[in-house]
Number of protein chains: 2
Amino acid sequence: MTGEKADDVVTAAFLVIGDEILSGRTKDKNIGFVADYLTSLGIDLREVRVVPDDRTEIADAVNALRARYTYVFTSGGIGPTHDDITAESIAAAFGVPLNLDPRAVALLETHYAPGQFTPARQRMARIPEGADLIENKVSKAPGFRIGNVHVMAGVPAIMQAMMDAIAPTLATGRIMLSETVAADMPESRIADRLSAIQDAHPETLIGSYPSASEGKFTTQIVIRSRNEAALKAAAADVAEAVADILG
Amino acid sequence: MTGEKADDVVTAAFLVIGDEILSGRTKDKNIGFVADYLTSLGIDLREVRVVPDDRTEIADAVNALRARYTYVFTSGGIGPTHDDITAESIAAAFGVPLNLDPRAVALLETHYAPGQFTPARQRMARIPEGADLIENKVSKAPGFRIGNVHVMAGVPAIMQAMMDAIAPTLATGRIMLSETVAADMPESRIADRLSAIQDAHPETLIGSYPSASEGKFTTQIVIRSRNEAALKAAAADVAEAVADILG
């Protein structure tokens, strides 16, 4: 399936690993990026989880998600410090050994000055047995893929580079198309019409997203479908409903 | 336990409900807010999930999370449109009926002009049986609490107002204290020292957070503990290690 278009829908989950997200210390920037990226590839992101730096929590989440979705992507916990425990947790999830990987050692030995590939840095060369490496153009220390699980760094610039390295290897489905209709009204004014339009266009997914600014509510109506004709027809009905109500 | 200090650790999960987050159309702003808010109250956020607008997915996630954590907070899906299905999903999770709630009806009837409390708006008054209402100072339509699950709006300004309404009712644990030591070096240079400091201070959690800017890596080292003396001692050791390495 590598790189081919799959007829079926291709699904994914994203697992964010890190105490710092749960404590609020770090504000996640990866969820939105991965959501956009997978959508643009034609892969449906179906679930996101954030879990702490805890071996059991990471392994349990990976095992739950890899059984349910075509792909799992993780971010965080593959650096050189004691709190970077993703590699050992993934190895435990798959029941495989975690050893120094000769390919990763070779990459990192040439990256550091002689004598500077210290024991801490060698932690970044521990890769679960049977995994492929994921290239890291930013700082060399690789991610890895094992089964359907892709393990990436948490630093956004590195994670994004790793997604670019992974993308050509992924099976993709038909792209989910989308159109947005702006409605200058609170969503409750158009709710009945939207419900009828949704019923009339079962091949589409219609979402209504209100926002509030200075006490005034406006609404963005998003129509999504893998079928372009269905999308256009539903979007036209939504635009007509908005015009009717305003006019 | 309402409003009291609990000796034990109080835990929470946050469930974000909405296709728009998973498609990338909307970038979540609630996870970081809730993480900061709960941390400041002395409640440990242990897990976050994002699920789509799907009854089974929402109900399954709520049931998994409410069994594991002291509290569950949800955001999204309680508006007036057809894609707002959180209330019915939560009712299903708890196995209780979902009917028009007289308290919610009374709130919303006075909010809208006569004759304007339409069937779509009445959707926002459907509350699972046995739930308490959560006040919405921004736009009136209430959230609700059932069991240990707090159901809030997805619009950030409304969700934040609902958190303020909920906060006085929550049991809280001892506040997790934190100190940050900045280290102008890649984290791999201090990794061995941090590991030894972590071992020497088991009452603390030491996290190392690298960031990259224009090819240069710096590190923030965050020490957390509920024991102030342990926190100070570990932070002093980290600061000493940084000074040693920088020379």
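Residues numbered from 1 in each chain as written. Chains lettered and ligands numbered in written order. Predicted model: local features only at pLDDT ≥ 70, side-chain atom pairs only at ≥ 80, totals over all residues. Heavy atoms only, no water.

Some thoughts on the overall build of chain A
Check the secondary structure of chain A and you find 9 helices and 11 strands. Summarising its shape, the C-alpha atoms of chain A cover approximately 75 × 45 × 30 Å along the three principal directions. Burial analysis of chain A (247 residues in total) assigns 54% to the buried set. Sequence separation of at least 24 residues holds for 70% of the intrachain contacts in chain A that already meet a minimum separation of 6. Split by element, the accessible area of chain A, about 10,400 Å² in all, is 51% carbon and sulfur. (Helix = DSSP H or I, 4+ residues; strand = E, 2+ residues; numbered from the N terminus. Buried < 20%, exposed > 50% of the residue type's maximum accessible area, 1.4 Å probe, protein only. Contact = heavy atoms within 4.5 Å. Areas by Shrake-Rupley, 256 points an atom, 1.4 Å probe, with all protein chains shown as cover.)

A short note on the sheet that holds strand S11 (residues 216-225) of chain A
Residues and elements named next belong to chain A. With respect to topology, 3 strands assemble into an open sheet ordered S9-S11-S10, the strand pairing being antiparallel. At either margin of the open sheet sits one strand with a lone partner, and together these are strand S9 (177-183) and strand S10 (205-213). Between one strand and the next, the sheet's axes are offset by a mean angle of 20°, whatever the strand orientation. With 9 bridges connecting them, S10 and S11 associate as antiparallel partners. (Pairing = 2+ DSSP bridges. Axes fitted to C-alpha atoms, helices over the stretch in contact; angles between N-to-C directions.)

Things to note about the pattern of salt bridges
Taken as a whole and judged by the stated rule, the model has 29 salt bridges over all chains. The closest approach of N and O atoms between Arg145(A) and Asp132(A), which form a salt bridge, is 2.2 Å. Taken together, the positions of Arg145(A) in strand S7 (residues 143-146) and Asp132(A) in strand S6 (residues 132-134) put the pair 13 residues apart, joining distant regions of the chain. According to the relative accessible area criterion, Arg145(A) is partly exposed, its value standing at 28%. In this structure, Glu179(B) engages Lys232(B) in a salt bridge whose closest nitrogen and oxygen atoms are separated by 2.7 Å. Here Glu179(B), found in strand S9 (residues 177-183), pairs with Lys232(B), found in helix H9 (residues 228-246); they are 53 residues apart in sequence, far enough to count as distant. Ionic contacts of the salt-bridge type, sharing partners, join the residues Glu47(A), Arg49(A), Arg68(A) and Glu57(B) into one network. (Salt bridge = Lys/Arg side-chain N within 4 Å of Asp/Glu carboxyl O.)

Focus: the relation of the copies chain A and chain B
With an RMSD of 0.1 Å, the operation that places chain A on chain B is a rotation of 180° combined with a shift of 0.0 Å along the axis. Between the two chains, the operation in question is that of a two-fold axis. Residues of chain A ranked by C-alpha distance from the rotation axis are headed by Arg49(A), positioned 2.2 Å from it. Take the interface residues of chain A: 100% of them recur as interface residues in chain B, which is what a same-surface contact looks like. (Least-squares fit on C-alpha atoms with pLDDT ≥ 70 in both.)

Quick look at the UniProt feature "domain: MoaB/Mog" (unreviewed entry) in chain A
As annotated by UniProt and renumbered to match this structure, "domain: MoaB/Mog" (unreviewed entry) occupies residues 13-173 of chain A. Between the first and last C-alpha atoms of residues 13-173 of chain A the distance is 15 Å; the span itself is 40% helix and 22% strand. (UniProt positions renumbered as here; feature names shortened; annotations may be inferred.)

Section: the interface of chain A and chain B
In this complex, chain A contributes 54 residues to the contact, which on the side of chain B involves 54 residues. For the pair chain A and chain B, the two sides together bury roughly 4,500 Å², of which 57% comes from carbon and sulfur. Viewed at the interface, chain B and chain A are joined by 6 salt bridges. The partner of Arg68(B) in a salt bridge is Glu57(A), and the shortest N-O contact between them spans 2.6 Å. The tally of links from chain A across to chain B stands at 14 residue pairs in polar contact (both at pLDDT 80 or more). Top contributing element to the side of chain A that touches chain B by residue count: strand S2 (residues 43-51) of chain A, with 7 residues. A class-by-class count of the residues in the side of chain A that touches chain B yields 23 nonpolar, 14 polar and 17 charged. One ladder, built from 3 bridges, connects S2(A) with strand S2 (residues 43-51) of chain B; its direction is antiparallel. Along S2(B), the bridge assignment pairs Val50(A) with Val48(B). (Buried area = accessible area lost by both parts, 1.4 Å probe. Polar contact = N/O pair within 3.5 Å; in protein donor to acceptor, adjacent residues only side chain to side chain. Nonpolar A, V, L, I, M, F, W, Y, C, P; charged D, E, K, R; others polar.)

Regarding the side chain of His201(A)
Mapped onto the elements, His201(A) comes out in the loop between helix H8 (191-200) and S10. Those residues in contact with His201(A) that sit more than four places away from it in its chain are Ala230(A), Ala233(A), Ala234(A) and Asp237(A).

What to know about unusual backbone geometry
The phi torsion at Lys140(A) lies on the positive side, around 75°, for a residue other than glycine. For Lys140(A), the position within the fold is in the loop between S6 and S7.

Remarks on the packing of aromatic side chains
Residue and element names in this part refer to chain A. Tallying each qualifying case throughout the model produces 6 aromatic pairs over all chains. Ring geometry for Tyr 71 versus Phe 73: centroids 6.2 Å apart, planes at 55°, classification tilted. Judged by relative accessible area, Phe 73 falls into the buried class, the value being 0%. In this structure, Arg 66 is placed above the aromatic ring of Phe 94, and the distance from its NZ or CZ to the ring centre is 3.8 Å. (Phe/Tyr/Trp six-rings, centres within 6.5 Å; stacked < 30°, edge-to-face > 60°. Lys NZ or Arg CZ within 6 Å of the ring centre and 35° of its normal.)

Considerations on the nonpolar core
Grouped together as the largest cluster of nonpolar side chains are 122 residues, with contacts concentrated most on Phe14(A), Leu38(A), Phe73(A), Phe14(B), Leu38(B) and Phe73(B). Excluding residues that lie within four positions of it along the chain, Leu38(B) makes contacts with Ala12(B), Ile43(B), Leu45(B), Phe73(B) and Met163(B). (Core = buried A, V, L, I, M, F, W, Y, C linked by side-chain atoms within 4.5 Å.)

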